[in-house]
Amino acid sequence: MLTLGAQAFNTAGAKRKTLKDILQDEEIPKVFFDVRNDSDALFAHFGVALQGVEDVQLMESATRKTTASRKFLNGLTKCVENNVLESFGGNGLASWKLAKEKGERLFMAKHGGSFDIFNKRPIPEDIISYCVGDVQCLPELRDRFWTSRAYRWQDLVGEESKKRIAASQRSDYQPHGQDRIMAPWSKEQNTVLDQWNYVPPPCNYFDESFDPHDDGDDDWYDDGPTSCRDIINDCDYDYYYSD
């Protein structure tokens, strides 16, 4: 991007499609974690109006079971920690977090870093590892949330993703506002999500009040064991049991 600029988005490939065409195609899914600032940069600098976005941050929020638990959004690190990924294996999570921390020290002002590090050539290895770490977990997270949960909330996530993109393209968009940590769900949406994510509590078989033999019929009466003689009439009994 530093060298090619807009050409990276506007140069057509063998199928006469540009990167901009793909990013703006509603039918081609694009997976992001918190699309807002990425959408802001693409639109402001290159005129790319994202479509077909699936926001993993919103997916993770939508799958939580209660309104209270959905109040605040999680960052990528917390999301990964709460959903251990098979692709990491062994010490993969610790290595992934370390790579993110090393990268952040190079560009975050509170650590004495600067975003100018992204323009340095060759790109520092710690920055490459940081960037790889930001996207390598998205396919597995997306598939876990998108395919293992009730499909009904997917429309809500899609709707809120579009609202995020529209807001990021406005001239008054604030990329670092305090309200960014708040979940977008309305009271009505939270009520619906509570219903869809509800999981009935398991039966407590150790509860003293629980009787596995109680079928609720207190009028049933057992007059003793039932024998074959009880269900075979007298005239047939000699036939079945004669020598």
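Each remark here, short or long, concerns the structure printed above.
Right, let's walk through the structure included here. (Residues numbered from 1 in each chain as written. Predicted model: local features only at pLDDT ≥ 70, side-chain atom pairs only at ≥ 80, totals over all residues. Heavy atoms only, no water.)

Side note on helix α7 (residues 125-136)
- Between its terminal C-alpha atoms α7 stretches 16 Å, which fits the 16 Å expected from 12 residues at 1.5 Å a residue.
- Those residues of α7 that fall on the buried side of the exposure criterion are Ile127, Tyr130 and Gly133. One side of α7 carries all its buried residues, which in axial view fall inside an arc of 125°.
- Each element contacted by the buried residues of α7 is listed here: α5 (76-82) and α6 (92-107). (Helix = DSSP H or I, 4+ residues; strand = E, 2+ residues; numbered from the N terminus. Expected span 1.5 Å × (residues − 1). Buried < 20%, exposed > 50% of the residue type's maximum accessible area, 1.4 Å probe, protein only. Arc of directions from axis to C-beta. Contact = heavy atoms within 4.5 Å.)

Examining the layout of surface pockets
- In this model, the largest pocket occupies a volume close to 2100 Å³.
- Lining of the largest pocket is provided by 43 residues; of these, Asn37, Asp38, Phe115, Tyr130 and Asp134 occupy positions nearest its centre.
- Of all the secondary-structure elements, those providing two or more residues to the lining of the largest pocket are β1 (30-32), α3 (36-46), α5, α6 and α7.
- The greatest single-element share of the lining of the largest pocket, amounting to nine residues, is contributed by α3.
- Along the lines of polarity and charge, the residues of the lining of the largest pocket split into 25 nonpolar, eight polar and 10 charged. (1 Å grid on protein atoms, 1.4 Å probe; cavity = no way out; pocket = protein on both sides within 12 Å on 5 of 7 lines; lining within 4 Å. Points joined across faces, edges and corners; volume = space filled by probe spheres on them. Nonpolar A, V, L, I, M, F, W, Y, C, P; charged D, E, K, R; others polar.)

Let's talk about the nonpolar core
- In terms of nonpolar packing, the biggest core is built from 23 residues, with Leu76, Val80, Cys137, Leu141, Trp153, Val157 and Trp185 touching the most fellow members.
- Elements that contribute at least two residues to this core include exactly α4 (56-62), α5, α8 (138-148) and α9 (154-168).
- Contact partners of leucine 141, with chain neighbours within four places excluded, come to Val56, Leu76, Cys79, Val80, Asn83 and Leu85.
- Core analysis: the next-biggest nonpolar cluster, separate from the first, contains 10 residues, Ala8, Phe32, Leu42 and Ile165 among them. (Core = buried A, V, L, I, M, F, W, Y, C linked by side-chain atoms within 4.5 Å.)

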